[in-house]
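Coordinates in review
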Amino acid sequence: MNGNKKAGVYPVPKAWAERASTDAQRREAMYVASIANPDQFWGEHGKRIHWIKPYSTVKDTSFEPGKVSIRWFEDGTTNVSYNCIDRHLTERGDQVAIIWEGDDPKDVARITYRELYAQVMKWANVLRSQGIRKGDSVTLYLPMIPEAAYAMLACARIGAIHSALSSQCPPEVLASRIADAASTVVVTADQGLRGGRKLELKVNVDAALDKLPKVVKTVIVVKRTGAPVGMLKGRDHYYDDLAETVPDQCPPEEMKAEDPLFVLFTSGSTSKPKAVVHTTGGYLVYAAMTHQYVFDYHDGDIHWCTAEISWITGHSYIVYGPLANGATTLIFEGIPTYPSASRYWDVIDKHKVSLFYTAPTAIRSLMGRGEDAVKSNSLASLRLLGSVGEPIDPKSWEWYHRVVGGGRCPIVDTWFQTETGGILITPLPGATDLKPGSAGSPFFGVKPELVDEAGDVLDGVAHGNLVIADSWPGQMRTLYRDHERFEQEYFSRYPGKYFTGDGARRDADGYYSITGRVDDVINVSGHRIGTAELESALVAHASVSEAAVVGYPHEIKGQDIYAYVVLIDGETASDELRNELVSWIRRAIGPIFTIDKVQFAVGLPKTNSGKIIRHILRKIAEDKCTEFGDTSTLSNPAVVDHLIDNRLNRK
Ligand code: 6R9
């Protein structure tokens, strides 16, 4: 780094400005052009993918209440799998497309683009042999193995709509999501492997399908561990057996730009989960373009996104974005702490990873285990680091930058949502100075605004609700078979604008910091504060590894603050530390936000993608432990039992 011009700001290193896809000036010019004339901008950048029939129209979108309609490149036709595979064969047939690192460090595979081509065509024919046609939906319940990418791309090849579910999803949730997506085929594995433990995927599918006797006609089972599993005659088939019976070749289907590509469920925190629909052309253009610019992707980079493939982050930045750009993408089956806490860093050295993209939850937990685990590796191949999924607090950002990135790698703190398809707010390496704790500025074509509760637009430095005033190509198009709910959920609160559900602060340089979900905002005597701000301040304390903060009812103040705190390895909970944390927050944020209760915890309830589930914590703080609402994405139920046993507001 060049030395800090302003405190807390990391200026763009010179070498980066010279080499990156874009520098500050070009970024600004491109951004201005993208907002001034989206048709022209996206008309040009839409050409980055191959079109069977080129589009003649670009943007046809309306956020008008009652008439919300989002269409991009509508009269163009293309195929996503062709773009991610076939198109690269002449130039990079022998280049590795997918590096697979198994749960056991001894399990490694390298799949070239030519091999990927052969695999995906086989998979496509296998799906067809089970009656899958254009427009049908297929549920994927697979571990992090290359077959997950094959199956997604095979669906795309024949125009089927995939609905991928986390391999940690329990049977009841599986059943309801299969039913919601109306899938007739489910693809799974005998078992999965994660951190040395077995995931009973086929057993779970059987349990789920007991509840849906008529819906699913075929279950395709990939042999991952080879463990014997029950196979229902006529319904269940091993993939290998089906593959033997189908042809090798499968030409891609010609798809309309607005044909659905996939459905993905968000975790509704209290309401029913939403089945977000993404379509073909705009989604791919946006995933590919953000992948190139945000990660400064160049030929030869090894890109590793640690997300589960079944998360939007995995869809866009393990599979579709990188492969559309002809990249080498790494799929990792395991967890950061198996066989040891240096696993991520071992994998980076082993495969010479240059672009590394993970979530704050992983960074915080690895930070809690000290620097030695990182330092046993060189990490010399790294060029850039990314973060996604939650706000990253400045303490973790600095640690990530210094210890993992050796002080030389920019960090892109990327804000986006399942609904947005790709990254919307982010620094661009080489173009934007970095501020720890801030996601930076909007990507090309993205028009964020901050509004107050009444919907009035706030200018300049402000804190408000984050809305997006116009459409971008990667935006979700609807909720599966429920357009009315789509309008209701996203376009009714601030008519004419897409409401993100997040709060944000904008500083004098126009940088955005996400302050948390608007529903989680804490209001003490009329003073509002986002959960991220309090949590970030708690985590800044040397003894704290993770924190979650919720409000609970108070007769006079409206709400009081309840904090759950996980300490770093080696620290012990005490009343003294509790008092110290309370004064720490008073000093950092102000006496209005005095924390009333501090509960020391062994862990926090999290979703499969590592987000804190605050609505459960709110109920525990209110001593309403039987009213948890939707817990379908809770990945660690044991932690909740521990929190309940040690709750502080017992009546
Ligand atoms: C990609 C993804 C979306 C919600 C989003 C916000 C939070 C994601 C963030 C972030 C602060 C970031 N979020 N990235 N908050 N900084 N860089 O996470 O999609 O699972 O749908 O969640 O995650 O609250 O609204 P999804």
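Think of each chain on its own: its residues are numbered from 1, step by step along the sequence as written. This being a predicted model, a pLDDT of at least 70 is required before a residue's local features are given, and a value of 80 or more before pairs of side-chain atoms are given or counted; all residues contribute to the totals for chains, interfaces and linings. Hydrogens and water are ignored here; the side-chain numbers use all heavy atoms of the structure.

Under an unreviewed UniProt entry, the name given to the protein is Acetate--CoA ligase, and the source organism is Rhizobium indicum. UniProt positions are given in the numbering used here, feature names are shortened, and annotations may be inferred rather than shown by experiment. Under the UniProt heading Sequence similarities (unreviewed entry), the entry covering the protein gives this text: "Belongs to the ATP-dependent AMP-binding enzyme family."

Once that is clear, we can look at the overall build of the protein. A run of H or I in DSSP counts as a helix once it spans at least four residues, and a run of E counts as a strand once it spans at least two, with each numbered from the N terminus. When helices and strands are tallied, the protein shows 21 helices and 33 strands. Based on C-alpha atoms, the radius of gyration is set beside the globule rule, defined as 2.2 Å times the residue count to the power 0.38. Relative to its length of 651 residues, the protein is compact, with a C-alpha radius of gyration of 24 Å against a globular reference of 26 Å. Dimensions along the principal axes, computed over C-alpha positions, put the protein at roughly 70 × 55 × 55 Å. For every residue, the accessible area (1.4 Å probe, protein chains only) is compared with the maximum for its type, and the residue is labelled buried under 20%, exposed over 50%, or partly exposed between those bounds. A total of 651 residues make up the protein; the buried ones form 63% of that total. We get accessible surface area from the Shrake-Rupley algorithm with a probe of 1.4 Å; when it comes to residues, only the shown protein chains can shield them. Accessible area of the protein: about 24,100 Å², with a carbon and sulfur share of 50%.

This paragraph deals with the packing of helix 20 (residues 614–621) against helix 21 (residues 637–645). Here an angle of 0 to 180 degrees is reported between the N-to-C directions of two axes, which are lines fitted to C-alpha atoms, with helices fitted over the stretch in contact. Helix 21 packs onto helix 20 with a crossing angle of 20 degrees between their chain directions and a minimal axis gap of 10 Å. Considering their axes alone, helix 20 and helix 21 lie roughly parallel with respect to each other. Crossing of helix 20 against helix 21: the hand is right-handed. For the pair helix 20 and helix 21, the contacting residues are Ile-616, Leu-617 and Ile-620 in the first and Val-640, Leu-643 and Ile-644 in the second. By definition in this entry, angles of less than 35 degrees are roughly parallel, angles greater than 145 are roughly antiparallel, angles of 65 to 115 are roughly perpendicular, and the rest are oblique. Note on convention: the crossing is left-handed when the near helix lies turned anticlockwise from the far helix by less than a right angle, right-handed when the turn is clockwise. Note on contacts: a residue pair is in contact if any heavy atoms of the two residues lie within 4.5 Å.

Pairing is possible between side chains that carry opposite charge, provided their charged atoms lie close to one another. What makes a salt bridge here is a side-chain nitrogen of Lys or Arg within 4 Å of a carboxyl oxygen of Asp or Glu, nothing more. Under the defined criterion, the tally for this structure stands at 47 salt bridges. Between Asp-104 and Lys-106 there is a salt bridge, and its shortest N-O distance comes to 3.7 Å. On the basis of relative accessibility, which here comes to 28%, the residue Asp-104 falls in the partly exposed class. Shared partners join several salt bridges into a network, and the residues in it are Lys-202, Asp-206, Arg-235 and Asp-236.

Sequence positions flagged by UniProt for "domain: Acetyl-coenzyme A synthetase N-terminal" (unreviewed entry) are, in local numbering, residues 28–84. Helix makes up 39% of residues 28–84 and strand 18%. Its end C-alpha atoms lie 29 Å apart.

The distinction between a cavity and a pocket rests on a 1 Å grid over the protein atoms alone: a 1.4 Å probe fits inside a cavity but cannot get out, while a pocket stays open yet meets protein on both sides within 12 Å along at least five of seven lines, and a residue with an atom within 4 Å of a point counts as lining. Grid points are joined across faces, edges and corners, and a volume is the space filled by probe spheres set on the points. Scanning the entire structure with this criterion turns up four cavities of 30 Å³ or more. When its volume is computed, the largest cavity comes out at roughly 80 Å³. Forming the boundary of the largest cavity are Leu-140, Leu-142, Pro-143, Met-144, Ala-148, Met-152, Ala-164, Leu-165, Glu-308, Ile-309 and Ser-310. Gly counts as polar in this scheme, as do all residues outside two lists: the nonpolar Ala, Val, Leu, Ile, Met, Phe, Trp, Tyr, Cys and Pro, and the charged Asp, Glu, Lys and Arg. When the residues that make up the lining of the largest cavity are grouped by side-chain class, the tally is nine nonpolar, one polar and one charged. By volume, the second largest cavity amounts to about 50 Å³.

It is worth spelling out the sheet that holds strand 33 (residues 595–600) at this point. Strands are treated as partners if at least two bridges between them are detected by DSSP. Reading across from one edge, 31-32-33 is the order of the three strands in this open sheet, with mixed pairing throughout. A strand with exactly one partner marks an edge of an open sheet, and here the two such strands are strand 31 (544–554) and strand 33. Sheet twist, expressed as the average angle between the axes of neighbouring strands with direction ignored, equals 25 degrees. Note that strand 32 (residues 558–567) and strand 33 share five bridges and pair parallel. When the sheet's bridge partners are listed, Ile-561 is paired in strand 33 with Ile-595.

The next subject is the environment of Thr-337. Relative to the assigned elements, Thr-337 resides in the loop between strand 17 (328–332) and helix 13 (343–351). What makes Thr-337 partly exposed here is its relative accessible area of 28%. Between the C-alpha atom of Thr-337 and that of Gln-559, which follows or precedes it by 222 residues, the distance is 38 Å. Once you skip the residues sitting within four places of it in the chain, Thr-337 turns out to touch Leu-366 and Arg-369.

Here Asp-349 shows up in helix 13. Residues scored as positive are Lys and Arg, those scored as negative are Asp and Glu, and His as well as the terminal groups of each chain are ignored. Buried charge without a salt bridge: Asp-349, with Lys-352 as the nearest opposite-charge side chain at an N-O distance of 6.1 Å. Once residues lying within four places of it in the same chain are set aside, the contact partners of Asp-349 are Asn-377, Ser-378, Leu-379 and Ala-380.

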